Amino acid sequence: MGKGIKILVSLITGLILSVASLMAYPKDEVRVALAYEPTTLNMLEVKTGIDLTPVLHLHDALLVSDPETGERLIKNSLSESMEVLPNNRSIKIRIRKNAVFHTGDPLTAHDIQFTYEQVANPKNANLVAGAVDEIEEFEIIDDHNFIIHLYEPYAGWRELMWIGICSKKYYEKVGPKQFAKHPVGSGPFKLKSRRSGE
């Protein structure tokens, strides 16, 4: 057999094995390979930009980028409406009533406040903590309505709305260590398992 034929046979064999291995996975499962291993899958403890790729697929946010145009943070996701109040430093937000976490628990304004406070908490050393420095306080109206009060008018306020929301109830139930190992969000993907170093 000539050298060219051997290479062709090797390529075809490799292709067949690749297709066969892909067919072995369940149709509702997505396997992702990243060039670098994320330090966490927990939105509350994001340390590097590498972490954000999987984290933002597990956790839904108030605003997301438009998937067709790529325009950043213009499309309501968890939010149903947003209104800048007359003082120009407060944003009134209504969230979808049908939003739920992967556990089936409803997602409420309390979860959003909890997530933002944990992201800002210095003990979590979160990479994106600086993004929420503009927020002075949360004012919860009810489970689906709240106001974010900023220290001063901030033209880039939409940049505060991309943070993935975590379940306060689940966090309080399992504690920070278990939550870090198996975070719960409401994004398009749900974490089944993670094997570090593979």
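The structure we're discussing is the one just above.
An account of the accompanying structure is given in this report. All residue numbers refer to positions counted from 1 along the written sequence of the respective chain. Restriction of local features to residues with pLDDT of at least 70 applies here, the model being predicted, together with a cutoff of 80 or more for giving and counting side-chain atom pairs; totals for whole chains, interfaces and linings are based on all residues. By convention in this description, side-chain values take in all heavy atoms of the structure and omit both hydrogens and water.

**Side note on the overall build of the chain**
Next, step 1: A run of H or I in DSSP counts as a helix once it spans at least four residues, and a run of E counts as a strand once it spans at least two, with each numbered from the N terminus. Within the chain one finds four helices and six strands.
Next, step 2: Categorising residues by exposure relies on relative accessible area from a 1.4 Å probe, with only protein chains included: less than 20% of the type maximum marks a residue as buried, more than 50% marks it as exposed, and the intermediate range marks it as partly exposed. For the chain, buried positions account for 37% of its 198 residues.
Next, step 3: Residue burial considers only the protein chains on display, and all accessible areas are found by Shrake-Rupley using a 1.4 Å probe. Element-wise, carbon and sulfur atoms account for 55% of the exposed surface of the chain, whose accessible area totals about 12,100 Å².

**Overview of the pattern of salt bridges**
Next, step 1: Only one rule defines a salt bridge in this text: a Lys or Arg side-chain nitrogen within 4 Å of an Asp or Glu carboxyl oxygen. This model, assessed by the stated rule, comprises four salt bridges.
Next, step 2: As a salt-bridge pair, Arg-96 and Asp-60 come within 3.9 Å of each other at their nearest N and O atoms. Separated by 36 residues along the polypeptide, Arg-96 in the loop between strand S4 (90–95) and helix H3 (109–120) and Asp-60 in the loop between helix H2 (49–58) and strand S1 (63–64) bring together distant segments of the chain.
Next, step 3: Between Arg-89 and Glu-136 there is a salt bridge whose closest N-O contact spans 3.2 Å. Of this pair, Arg-89 sits in the loop between strand S3 (79–84) and S4 while Glu-136 sits in strand S5 (residues 135–142), and the two are 47 residues apart along the sequence.
Next, step 4: Given the relative accessible area of 40%, Glu-136 is considered partly exposed.

**Re the packing of aromatic side chains**
Next, step 1: Two aromatic rings, drawn from Phe, Tyr or Trp (for Trp, its six-membered ring), form a pair once their centres lie within 6.5 Å of each other, and the interplanar angle then sorts them: stacked below 30 degrees, edge-to-face above 60, tilted otherwise. For the structure on display, the rule yields five aromatic pairs.
Next, step 2: Taken together, a centroid distance of 5.7 Å and an interplanar angle of 25 degrees make the contact between Phe-138 and Phe-146 stacked. Both residues of the pair, Phe-138 and Phe-146, belong to the buried class.
Next, step 3: Between the aromatic rings of Tyr-170 and Phe-179, the centroid separation amounts to 5.7 Å while the plane-to-plane angle is 50 degrees, which identifies the pairing as tilted.

**Some points on the packing of H3 against helix H4 (residues 168–181)**
Next, step 1: In this analysis, axes come from line fits to C-alpha atoms, helices being fitted only over the stretch in contact, and the angle between any two N-to-C directions falls in the range 0 to 180 degrees. Viewed as axis vectors pointing N to C, H3 and H4 meet at an angle of 60 degrees, and their least axial separation amounts to 8 Å. Between H3 and H4, the angle falls in the class oblique. Across from His-110, Asp-111, Phe-114 and Gln-118 in H3, the residues of H4 making contact are Lys-168, Lys-169 and Tyr-171. When describing relative orientation, an angle under 35 degrees is termed roughly parallel and one over 145 degrees roughly antiparallel, while 65 to 115 degrees is termed roughly perpendicular and anything else oblique. Two residues form a contact once any of their heavy atoms are found within 4.5 Å.

**What about the environment of Leu-41?**
Next, step 1: Relative to the assigned elements, Leu-41 resides in the loop between helix H1 (3–23) and H2.
Next, step 2: With 139 residues separating them along the chain, Leu-41 and Ala-180 place their C-alpha atoms 7.2 Å apart.
Next, step 3: In this structure, Leu-41 is in contact with Pro-54, Val-55, Leu-58, His-59, Pro-183, Leu-191 and Arg-194, ignoring residues within four places of it in sequence.

**Some points on the side chain of Asn-126**
Next, step 1: Mapping Asn-126 onto the fold places it in the loop between H3 and S5.
Next, step 2: In the analysis that follows, any N or O atom pair within 3.5 Å is treated as a polar contact, provided that within protein one partner can donate a hydrogen and the other can accept it, and provided that, for residues neighboring in sequence, both atoms belong to side chains. At a separation of 2.9 Å, a polar atom in the side chain of Asn-126 contacts the main-chain amide nitrogen of Val-128.
Next, step 3: Setting aside its immediate chain neighbours within four residues, Asn-126 contacts Met-43, Leu-44, Glu-45, Val-46 and Val-119.

**Considerations on unusual backbone geometry**
Next, step 1: One non-glycine residue with positive phi stands out, namely Asn-88, at about 60 degrees.
Next, step 2: Tracing the chain through its elements places Asn-88 in the loop between S3 and S4.
Next, step 3: A relative accessible area of 48% places Asn-88 in the partly exposed class.
Next, step 4: Phi at Ala-125 takes a positive value of approximately 45 degrees, unusual for a residue other than glycine.
Next, step 5: Examined against the element boundaries, Ala-125 turns out to sit in the loop between H3 and S5.
Next, step 6: Take Ala-125: its relative accessible area is 48%, and that puts it in the partly exposed class.

**Describing the pairing of S5**
Next, step 1: Here, strands pair whenever DSSP counts at least two bridges between them. For S5 and strand S6 (residues 145–150), the ladder comprises six bridges, and the chain directions are antiparallel. Following the sheet pairing, Ile-140 is matched in S6 by Phe-146.
Next, step 2: The turn linking S5 back onto S6 is made up of two residues.

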